[in-house]
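Coordinates in review
Okay, here's what each chain looks like letter by letter:
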Amino acid sequence: MNYGISILFRAIPLAMAIFCFGYGAFIYGYGDDGSRVVAGPVVFSLGMICIALFCTAATIIRQIIHTYNKSAKYVLPIIGYLAAIITIIGGICIFSNATSTSAFVAGHVITGVGFITTCVATAATSSTRFSLIPGNSKATSNEVPEGAFSLNQRRALVIVAIIVSLIAWIWAFVLLGNSHSHPAYFVVGHVMVGLACICTSLIALVATIARQIRNDYSEKERNKWPKLVLLMGSISFVWGLFVILADSGSANGTTGYIMLGLGLVCYSISSKVILLAKIWRQEFKLANRIPMIPVLTALACLFLAAFVFELATIHADYFIPARVLVGLGAICFTLFSIVSILESGTSSK
């Protein structure tokens, strides 16, 4: 990877973050109806995931082009975690002080986005010793290389992602359990399920990176982690279809479109996990094609958003999912940058 390409791949997450911040602020500021109160802040918060993804991209790229230093090693993960903390606190403040259903929904979804940002920041932290992976992939023994994570450090990284995912799942089912009291719980609960699926997918990414750095990545894991991510994507996608078909005549049914988008984000994450699994101690001739997965999912989000925008011209209930799908498309495109960086850093060419 030359320096110019490295700048491009670092610019993509920042550009998508700026897009989410700008588009979210535009949606929120262009009117005062309840749909804008939800869609605007939620799309804005998606930019925080892009910031954490930028930290991951910069962490890996700097190691590839040999400009990584002690400051970057600590500053980049800290920025990712700060983005997560700000998002979670912001979301909690919004729904805790909510005086309307719209603010209640927006606050919970933003908190869930903060959970994802936390897991992405953990992936950035696990990537701080990414430079060990290419050498370990070519090794014939399972000896832990010098400078790798300790066993406790590796476990801590995975445990953080697991705890955050469990919180998201528990929160989701608590909200769904209160669906009978108000439709807002139904909407937020289903969206939180999709967000929990993404958090769970990121467990696989963190575990894959951390275990390959320690050189204790097993043959069994080559199939286990990719399957977990694909399963999470399928759960969110199929669940979304079920919600759409079961409640197609009500506002609740539109929530299913957001779940479809969240499932596509899981499929985007799968590209990173699949790539690392495929190149581990073997040649994979199609490795440079894997970055096409997040490109296709980004396009799928945008094309789906186009249809939902048309539905929104007839039914106002589709206003929120149309805007959120565009933001999720930006997340998928950001993941294209990350998987391209991984392919460059692990390529045997």
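Refer to the structure printed above.
What comes next is a walk through the structure. (Residues numbered from 1 in each chain as written. Predicted model: local features only at pLDDT ≥ 70, side-chain atom pairs only at ≥ 80, totals over all residues. Heavy atoms only, no water.)

Our next topic: the overall build of the chain. The helix and strand tally for the chain stands at eleven helices and zero strands. Traced from its N-terminal end to its C-terminal end, the chain shows the element sequence α-α-α-α-α-α-α-α-α-α-α. Taking 2.2 N^0.38 as the reference for a compact globule, 349 residues should give roughly 20 Å; the C-alpha atoms of the chain span a radius of gyration of 20 Å, in line with that estimate. Of the contacts made within the chain by residues no fewer than 6 positions apart, 77% connect residues no fewer than 24 positions apart. About 14400 Å² of surface is accessible on the chain, with carbon and sulfur atoms providing 68% of the total. Within the chain, the 12 negative side-chain charges are centred at a point lying 11 Å from the centre of the 22 positive side-chain charges. (Helix = DSSP H or I, 4+ residues; strand = E, 2+ residues; numbered from the N terminus. Rg over C-alpha atoms; globule rule 2.2 N^0.38 Å. Contact = heavy atoms within 4.5 Å. Areas by Shrake-Rupley, 256 points an atom, 1.4 Å probe, with all protein chains shown as cover. Lys, Arg positive; Asp, Glu negative; His and termini not counted. Charge placed at Lys NZ, Arg CZ, Asp CG, Glu CD.)

Following both chains from N to C, one finds helix α1 (residues 3-29) and helix α2 (residues 34-64) inclined at 170 degrees, their axes separated by 7 Å at the closest point. Judged on the interaxial angle alone, α2 and α1 are roughly antiparallel. Among the residues forming the contact of α1 with α2, the class breakdown is 25 nonpolar, four polar and three charged. (Axes fitted to C-alpha atoms, helices over the stretch in contact; angles between N-to-C directions. Parallel < 35°, antiparallel > 145°, perpendicular 65-115°, else oblique. Nonpolar A, V, L, I, M, F, W, Y, C, P; charged D, E, K, R; others polar.)

Below, the discussion takes up the pattern of salt bridges. Opposite charge on two side chains lets them pair, provided their charged atoms get close. For the structure shown, the criterion picks out five salt bridges. One salt bridge connects Asp33 with Arg36, and the closest N-O pair in it is separated by 3.4 Å. The buried category is assigned to Arg36, whose relative accessible area is 15%. Across the pair Asp216 and Arg154 runs a salt bridge whose closest N-O atoms are separated by 3.1 Å. Of this pair, Asp216 sits in the loop between α7 (183-214) and α8 (221-246) while Arg154 sits in helix α6 (residues 151-177), and the two are 62 residues apart along the sequence. The burial state of Asp216 is the same as that of Arg154; both residues are buried. Taken together, the salt bridges that share partners define one network made up of Arg154, Arg214 and Asp216. (Salt bridge = Lys/Arg side-chain N within 4 Å of Asp/Glu carboxyl O. Buried < 20%, exposed > 50% of the residue type's maximum accessible area, 1.4 Å probe, protein only.)

Here we take up the environment of Ser340. Summarising the element assignment, Ser340 is placed in helix α11 (residues 319-346). Apart from residues lying up to four places away in sequence, Ser340 is in contact with Phe9 and Pro291.

Moving on, we get to the packing of aromatic side chains. For the structure on display, the rule yields eleven aromatic pairs. A centroid spacing of 5.9 Å and a plane angle of 85 degrees characterise the contact between Phe95 and Trp171, whose relative ring orientation is edge-to-face. Taken together, the residues span a long stretch of sequence, with Phe95 in helix α3 (residues 70-96) and Trp171 in helix α6 at a distance of 76 residues. Among the aromatic residues, those joined into a ring-pair cluster are Phe9, Phe333 and Phe336. Stacked on the ring of Trp225, the Lys or Arg Lys224 has its end atom at 4.5 Å from the ring centre. If you follow Arg323 out to its NZ or CZ, it ends over the ring of Phe319, 3.7 Å from the centre. (Phe/Tyr/Trp six-rings, centres within 6.5 Å; stacked < 30°, edge-to-face > 60°. Lys NZ or Arg CZ within 6 Å of the ring centre and 35° of its normal.)

On to unusual backbone geometry. For His66, which is not a glycine, the phi torsion comes out positive at approximately 60 degrees. For His66, the position within the fold is in the loop between α2 and α3. His66 sits in the exposed class, given a relative accessible area of 71%. Here the phi dihedral of Asn215 falls at roughly 65 degrees; this positive angle occurs in a residue that is not glycine. Its place among the elements puts Asn215 in the loop between α7 and α8. On the accessibility criterion, Asn215 (1% relative accessible area) is buried.

Here we take up the nonpolar core. Within the largest apolar cluster, 114 residues are counted, with the highest numbers of intra-cluster contacts made by Ile49, Ile116, Ile198, Leu202, Tyr257 and Val265. Of the residues forming this core, the biggest block, 20 residues, is contributed by α7. Contact partners of Val265, with chain neighbours within four places excluded, come to Ile198, Leu328, Ile331, Cys332 and Leu335. In this structure, Phe54, Cys55, Ala58 and Leu76 belong to the second largest nonpolar core, which totals six residues. (Core = buried A, V, L, I, M, F, W, Y, C linked by side-chain atoms within 4.5 Å.)

This part covers the environment of Ser271. Mapping Ser271 onto the fold places it in helix α9 (residues 255-278). Given the relative accessible area of 0%, Ser271 is considered buried. Distance in space between the C-alpha atoms of Ser271 and Val229 is 9.4 Å, their sequence separation being 42 residues. Setting aside anything within four residues of it in sequence, one finds Ser271 in contact with Ile290, Ile293, Pro294 and Val339.

In contact at an axis separation of 8 Å, helix α10 (residues 292-312) and α11 are set at 170 degrees when each is read in the N-to-C sense. Put simply, α10 runs roughly antiparallel to α11. Looking at the contact of α10 with α11 residue by residue, the class counts come to 21 nonpolar, two polar and one charged.

This paragraph deals with a nonpolar patch on the surface. Together, Tyr74, Ile78, Leu82, Ile85, Ile86 and Ile89 make up an exposed nonpolar region whose accessible area comes to about 590 Å². Structurally, the position occupied by Tyr74 is in helix α3. Residue classification places Tyr74 among the partly exposed positions, given a relative accessible area of 46%. (Patch = residues over 30% accessible without salt bridge, like charges linked within 9 Å, V, L, I, M, F, W, Y side chains within 5 Å.)

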